[in-house]
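# Observations on the model geometry
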Amino acid sequence: MKSRLKLIAIVAALSTSGIAAAHHSRANFELDRIISVEGTVTEFSWKSPHVWMKVESVDRRGETIEWLVEGNAIPPLRRMGWSRDAFKVGDHVVASGNPDRDPDNKLMFLQYISTNDGSVLYNLKLPPEEEAKVAERLKPTEPSTDFSGTWIRVASTKYFLLGSFEPPKGWPLTEKGEAQVAEFDLVNDPYLRCHVTAIPRLTYAPFGHRWVRDGNTINIEKEFNPVKRTIHLGMKEHPENIERSRAGHSIGWFEGDTLVVDTIGFVYDDWGNYRGLDSSEQKHIVERY
């Protein structure tokens, strides 16, 4: 079953102090422009963290040009019908995507690609009409009534490519928070040191959440992240002597059709609120789903 997650509000205490990827920013691509390259596949790399291919084309002057085409990570590509055998050397393709801002760099971030048989594989996000077909095919016999299921982060293409590589914008920061954001440098991301992200930054990441309802608890696992959450239902007060952790201690209750989740009991966390913004033990998060 697939559900869509709509994050209505997250409130985080921003009592922060300064600190000194696998994934990289896509700021070098023209995200508002799409070009198409027709040619022959000379290499196809089905490896993490991103799939790549080389496409050899001939320009209007008859010169041969080799394009490097960057794809998405393997798990989301599998969900959209890709496989390690999707392309082979010699295949004729038409790749459409965002070109590098430097025209001398024959580099493209793929949006979609036409295959030998005329079918189309999408890289990042299905178009609305295709998404509707998939949603209809995966629609459960009965909709979820207890929040169980796989929740998908809904975001624009620009957010997927750029939004998660920038510091927070429009947040009501303390002076310490403002100072840290002013010194933002992506190379300081703890993720580059294999330091996995936690909430609320984890919630914003554009990957799936698996929610499992087990009596009075909801257990949440996040794709690409080992941090697991447990929401204890039917409680409006946290117990005493909470064992602090990066996941914190979450309690939840229902207000009509809305699930309210209150989380405290955190430890200090580098960039624990968002990219470029640490969080302290005072962090207190309220979510409404």
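This text follows the structure it describes.
The present account deals with the structure reproduced in this document. Please read all numbers here as calculations on a predicted model, not as lab measurements.

Parameters and conventions
Residues numbered from 1 in each chain as written. Predicted model: local features only at pLDDT ≥ 70, side-chain atom pairs only at ≥ 80, totals over all residues. Heavy atoms only, no water. Helix = DSSP H or I, 4+ residues; strand = E, 2+ residues; numbered from the N terminus. Buried < 20%, exposed > 50% of the residue type's maximum accessible area, 1.4 Å probe, protein only. Areas by Shrake-Rupley, 256 points an atom, 1.4 Å probe, with all protein chains shown as cover. Salt bridge = Lys/Arg side-chain N within 4 Å of Asp/Glu carboxyl O. Pairing = 2+ DSSP bridges. Contact = heavy atoms within 4.5 Å. Polar contact = N/O pair within 3.5 Å; in protein donor to acceptor, adjacent residues only side chain to side chain. Core = buried A, V, L, I, M, F, W, Y, C linked by side-chain atoms within 4.5 Å. 1 Å grid on protein atoms, 1.4 Å probe; cavity = no way out; pocket = protein on both sides within 12 Å on 5 of 7 lines; lining within 4 Å. Points joined across faces, edges and corners; volume = space filled by probe spheres on them. Nonpolar A, V, L, I, M, F, W, Y, C, P; charged D, E, K, R; others polar.

The secondary structure content of the chain amounts to five helices and 17 strands. Counting the 289 residues in the chain, one finds 45% classified as buried. Split by element, the accessible area of the chain, about 15500 Å² in all, is 50% carbon and sulfur.

For the rest of this paragraph, the subject is unusual backbone geometry. Omega for the peptide link from isoleucine 199 to proline 200 comes to 5°, which places this bond in the cis form. Here the phi dihedral of asparagine 241 falls at roughly 55°; this positive angle occurs in a residue that is not glycine. Along the chain, asparagine 241 turns up in the loop between strand 12 (225-233) and strand 13 (249-255). On the basis of relative accessibility, which here comes to 77%, the residue asparagine 241 falls in the exposed class.

Moving on, we get to the pattern of salt bridges. Inspection of the entire model under this criterion finds 12 salt bridges. Close ionic contact of aspartate 91 with lysine 88 constitutes a salt bridge, the shortest N to O distance being 3.2 Å. What makes aspartate 91 buried here is its relative accessible area of 7%. Its salt-bridge partner being aspartate 189, residue arginine 201 comes within 3.0 Å of it at the nearest N-O pair. Here the residue arginine 201 occupies a position in helix 5 (residues 201-204), and aspartate 189 occupies one in the loop between helix 4 (175-182) and helix 5, the gap between them amounting to 12 residues. A single burial state applies to arginine 201 and to aspartate 189, both of which are buried. When salt bridges with common partners are traced through the structure, they connect Asp59, Arg61 and Glu63 into a single cluster.

Moving on: the pairing of strand 10 (residues 209-214). Inspection of the sheet shows strand 10 paired to strand 11 (residues 217-222) by six bridges, in the antiparallel sense. Bridge pairing links arginine 210 to glutamate 221 in strand 11. Hairpin connection between strand 10 and strand 11: a loop of two residues separates the two successive antiparallel strands, and glycine 215 in this loop has a positive phi of roughly 65°.

A word on the environment of threonine 263. Structurally, threonine 263 can be placed in strand 14 (residues 258-264). Spatially, the C-alpha atom of threonine 263 lies 8.7 Å from that of glycine 252, the residues being 11 residues apart in sequence. If near-sequence neighbours (up to four positions away) are discounted, threonine 263 is found in contact with Ile199, Arg229, His238, Ala247, Gly248, His249, Ser250, Lys283, His284, Ile285 and Glu287. Of the polar contacts made by the side chain of threonine 263, one reaches the side chain of arginine 229; its length is 3.4 Å.

What follows concerns the nonpolar core. Residues Phe44, Met53, Trp82, Phe87 and Ile113 are the most contacted members of the largest nonpolar core, which totals 24 residues. Looking at this core, the elements with two or more residues in it are strand 3 (35-45), strand 4 (52-58), strand 5 (64-70), helix 1 (74-79), strand 6 (92-99), strand 7 (107-114) and strand 8 (120-122). When residues in this core are grouped by element, the largest group, four residues, is from strand 3. Ignoring sequence-local partners within four residues, the contact set of phenylalanine 87 consists of Phe44, Met53, Trp82, Val93, Ile113, Thr115 and Leu121.

On to empty space enclosed by the protein. Taken as a whole, the largest cavity spans an internal volume of roughly 80 Å³. If you go around the largest cavity, you meet 11 residues; those closest to its centre are Ile199, Thr203, His209, Ile220 and Arg229. Within the residue set of the lining of the largest cavity, elements represented by two or more residues are helix 5, strand 10, strand 11 and strand 12. In terms of residue class, the lining of the largest cavity is made up of seven nonpolar, two polar and two charged. Size it by volume and the second largest cavity reaches roughly 40 Å³.

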